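As a plain string of letters, each chain reads:
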Amino acid sequence: MMRSPLDHLILQVCLLEEDTNKSDGTAPIDFLERAPKPQPHTSLLYACQHLMEVGAIKLIRKSPPMLFCITPLGYHLAHLPCDCKIGKILIEGCILGCVESALTVAAILSNTKPFWLQMLPGPDGRRRARDLQTRFIEHGFGSDSWRGGAAKGDTVAAVAAYLQWKKAPPHARWKLCRTHALDHNVLSNVDGLRTQYQKFLVDASLASSPATHGDAKPGGDVFLTTCCLVAGLYPNVATLVRPGPGRFRGGRFVTRGSQELSRPTTGSFQADRLRHCAEEGADAYACFTHKLRVVGAESAGAQHSVRDGRTSQSSGETSLCDINFVPRWTVILFGGKIELRKNAVIIDGWLKFKVGDEGSKEDYAVLVKALKQELDLTFLARIGNDSSEIFEKHKRLIEIVVSLLSDI
């Protein structure tokens, strides 16, 4: 039990007690603390909080012993032997009809080693490697010429590289990797993980077979893929802070619950974009996998933060990994809990979106909230249910989502 992921263990406990027809909820923390070698109480609390953020369980009673109930999403996550956020990306891909893209994204995020090589042999190898990689993906998945929409991000770029590698004949893949600074072994591992996840979905009755997937052709709709990313990675969402007089040069990110300004990691394809960020432009939002803090000398680790509209410096520096820029509608529709304030939509008390002008009052914001509620209800009904009525309703909602994401 000590080697099992706590998230999956808690879901299994909730499933076990649900099978005993307990209608008043389950107490997984109390149950696991009675084990011969229990996990620390704080670790169990953190795991339950993480599952609540994903939407796998709901809190029924806060006073000890804390009671939870498993959600339909949590029921299916308990049958997928993978990380909960990865599992949610896969389930959202099944619901949105972009299974192929979701499988590729899940395999890339699960792989611990990046397949981008930092440099090529010879002089100026680092710059040549990055130039080749950029040209390699600029006409692929997520580029301006892609049939399924355009998006910028590290995971999107990784999907584009994988699709190019997969499209090449097996005997030509080694040469392709050598000439474009890619790791063939890591790409092969990603391909193997993708096959495993595909089998998991079939075994969990979330997908019938690879041939019946909605986007069996390589790639898929980029907009729907970003929806899967936001749904799976939320609350790992950041807002872009643009440069200005008396501030820093280039763009920075602000994340939830922190006033510190973060940058992309040095190997990110978005580092250049942030470095040349203009003072004015549309609001930008991005999702990321995790945050790192680099602690070093004070001069090298000077960190900007925002307080009362001004910037200050503190020691240490935070970096965001695997940044993907996403349209605001993906965050609104696939993010957290919505609150309305006049013509604005507030998500979880910190992300604010203006969705209409002052003359529209709250009508437009109310429609947006109603659409999100309808999406949540229909998606829950769609899990494991293939009735024609729900399928048609679900199909119309996806068309509305794609229309909103295209109009940006």
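Refer to the structure above for everything that follows.
For the structure given in this document, a descriptive report is provided here. Just so it is clear, the model here is predicted, and its values are computed rather than measured. Within every chain, residues take consecutive numbers counted from 1 along the sequence as written. Per-residue local features are limited, in this predicted model, to residues with pLDDT of at least 70; the limit for side-chain atom pairs, both in listing and counting, is 80 or more; totals at the level of whole chains, interfaces and linings are taken over all residues. The side-chain values count all of the structure's non-hydrogen atoms but skip hydrogen atoms and water molecules.

**A few points about the layout of surface pockets**
In plain terms, the rule: Here a cavity denotes a set of grid points, spaced 1 Å apart and computed over the protein atoms alone, in which a 1.4 Å probe fits but from which it cannot get out, and a pocket denotes an open set meeting protein on both sides within 12 Å along at least five of seven lines; residues with an atom within 4 Å of a point are reported as lining. Grid points are joined across faces, edges and corners, and a volume is the space filled by probe spheres set on the points. Each helix is a run of DSSP H or I of at least 4 residues and each strand a run of E of at least 2, with the numbering of both proceeding from the N terminus.
Reported here for the largest pocket is a volume of approximately 1,000 Å³. Surrounding the largest pocket, 32 residues form its lining, Gly55, Lys88, Gly335, Lys372 and Asp376 being those nearest its centre. Looking at the lining of the largest pocket, the elements with two or more residues in it are α3 (41-54), β1 (57-61), α4 (72-77), α5 (84-96), α13 (328-334) and α14 (363-382). Per-element accounting of the lining of the largest pocket gives the leading share, 7 residues, to α14.

**Structural notes on the environment of Trp174**
Stated formally: Only protein chains enter the accessibility calculation, which uses a 1.4 Å probe; a residue is then buried when its area is under 20% of its type maximum, exposed when over 50%, and partly exposed in between. Whether two residues are in contact is decided by their heavy atoms: any pair within 4.5 Å suffices.
Within the secondary structure layout, Trp174 lies in helix α9 (residues 173-179). Overall, Trp174 belongs to the partly exposed group, its relative accessible area being 45%. The spacing of Trp174 and His184 is 10 residues in sequence and 6.3 Å in space, taken between C-alpha atoms. Trp174 has contacts with His184 and Asn185, leaving out every residue within four places of it along the chain.

**Quick word on the pairing of strand β14 (residues 351-354)**
Our working rule: In this description, strands pair whenever DSSP reports at least two bridges between them.
Burial along β14 is one-sided: the face carrying Leu351 and Phe353 is buried and the face carrying Lys352 and Lys354 is not. Note that strand β13 (residues 344-347) and β14 share 4 bridges and pair antiparallel. Bridging from a neighbouring strand, Ala344 pairs with Lys354 of β14. Counted between consecutive antiparallel strands, the loop separating β13 from β14 contains 3 residues, among which Asp348 sits at a positive phi close to 55°.

**Here we look at the sheet that holds strand β12 (residues 338-341)**
The line we're drawing: Axis definition: a line fitted to C-alpha atoms, limited for helices to the stretch in contact. Angles are taken between N-to-C directions and run from 0 to 180 degrees.
The antiparallel open sheet is built from 3 strands, whose spatial order is β12-β13-β14. Each having just a single partner strand, β12 and β14 make up the two edges of the open sheet. Direction aside, neighbouring strands of the sheet carry axes that sit 25° apart on average. Pairing between β12 and β13: 4 bridges, direction antiparallel. Its bridge partner being in β13, Ile338 is matched across the sheet by Ile347. Against the sheet, α14 makes contact with β12 and β13, and its axis sits at roughly 170° relative to β12, the strand it touches most.

**Description of helix α7 (residues 125-137)**
Going by this rule: Here, expected helix span is obtained from the residue count minus one, scaled by 1.5 Å. Note that the arc is computed from the directions linking the helix axis to the C-beta atoms.
Its 13 residues place the ends of α7 19 Å apart at the C-alpha level, agreeing with the 18 Å of an ideal helix rising 1.5 Å per residue. Among the residues making up α7, those that are buried are Gly125, Ala129, Gln133, Phe136 and Ile137. Mapping the buried residues of α7 onto a view down its axis gives an arc of 85°, with all of them on the same face.

**Section: the packing of α3 against α5**
Put simply, the test is: Oblique is the label for any angle not covered by the other classes, which are roughly parallel (under 35 degrees), roughly antiparallel (over 145) and roughly perpendicular (65 to 115). Should the near helix be turned counterclockwise from the far one by less than a right angle, the crossing is left-handed, whereas a clockwise turn marks it as right-handed. Under the scheme applied here, ten amino acids are nonpolar (Ala, Val, Leu, Ile, Met, Phe, Trp, Tyr, Cys and Pro), four are charged (Asp, Glu, Lys and Arg), and all others, including Gly, are polar.
Two elements in contact, α3 and α5, have axes separated by 10 Å at closest approach and are oriented at 15°. On the basis of the axis angle, α3 is roughly parallel to α5. Between α3 and α5 lies a crossing of right-handed hand. Contacts between α3 and α5 involve His50, Leu51 and Val54 on the former and, on the latter, Cys84, Lys85 and Lys88. In terms of residue class, the contact of α3 with α5 is built from 3 nonpolar, 1 polar and 2 charged.

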